[in-house]
Amino acid sequence: LRAAKYDFTDLKIPPRFVVDRAWGVAATLFKADTPTPSVVPSEDGNVLFVWHKSRWDLEIEVGAEEIVLWAHDRRTGTGFSGSLVEQQARLSSLLDYLARH
């Protein structure tokens, strides 16, 4: 996304400052064993990190002003969503879980 290449979604490439912000978020949140997400532009011109692993669907959307996430457990039908600030502990636990499964 940073080079505005290799996008097959036909969505608008996010502005460079949003891509740079997403890079910083990844560097802060993801550990060496964090499963690699798909990284795609969102419909709103933001950056999406997406996982479909171990019966979980997880999306982290990094925008110019906020970072929001959505997580859904396909086994139980439960999940959580909200701002990264509100959900950071739950997100960290889920990323650790996905790294082990």
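Residues numbered from 1 in each chain as written. Predicted model: local features only at pLDDT ≥ 70, side-chain atom pairs only at ≥ 80, totals over all residues. Heavy atoms only, no water.

Some words on unusual backbone geometry
Apart from glycine, the bulk of residues carry a negative phi angle, and the bulk of peptide bonds sit in the trans form.
Okay, step 1: Here the phi dihedral of Ser 54 falls at roughly 50 degrees; this positive angle occurs in a residue that is not glycine.
Okay, step 2: Structurally, the position occupied by Ser 54 is in the loop between strand E2 (47–53) and strand E3 (56–62).
Okay, step 3: The residue Arg 55 is not glycine, and still its phi comes out positive at about 65 degrees.
Okay, step 4: Relative to the helices and strands, Arg 55 is located in the loop between E2 and E3.
Okay, step 5: On the basis of relative accessibility, which here comes to 52%, the residue Arg 55 falls in the exposed class. (Helix = DSSP H or I, 4+ residues; strand = E, 2+ residues; numbered from the N terminus. Buried < 20%, exposed > 50% of the residue type's maximum accessible area, 1.4 Å probe, protein only.)

Looking at the sheet that holds strand E5 (residues 79–83)
Okay, step 1: Here 5 strands make up an open sheet; going across it, the order is E1-E2-E3-E4-E5 and the pairing antiparallel. In this open sheet, the two strands that pair with only one neighbour each are strand E1 (38–41) and E5. When strand polarity is set aside, the average angle formed by the axes of neighbouring strands in this sheet is 15 degrees.
Okay, step 2: Bridging between E1 and E2 involves 4 bridges; their strand directions are antiparallel. Pairing of Val 40 across the sheet is with Leu 48, part of E2.
Okay, step 3: Across the face of the sheet, helix H2 (residues 84–100) comes into contact with E2, E3, strand E4 (67–73) and E5 while running at roughly 135 degrees to E5. (Pairing = 2+ DSSP bridges. Axes fitted to C-alpha atoms, helices over the stretch in contact; angles between N-to-C directions. Contact = heavy atoms within 4.5 Å.)

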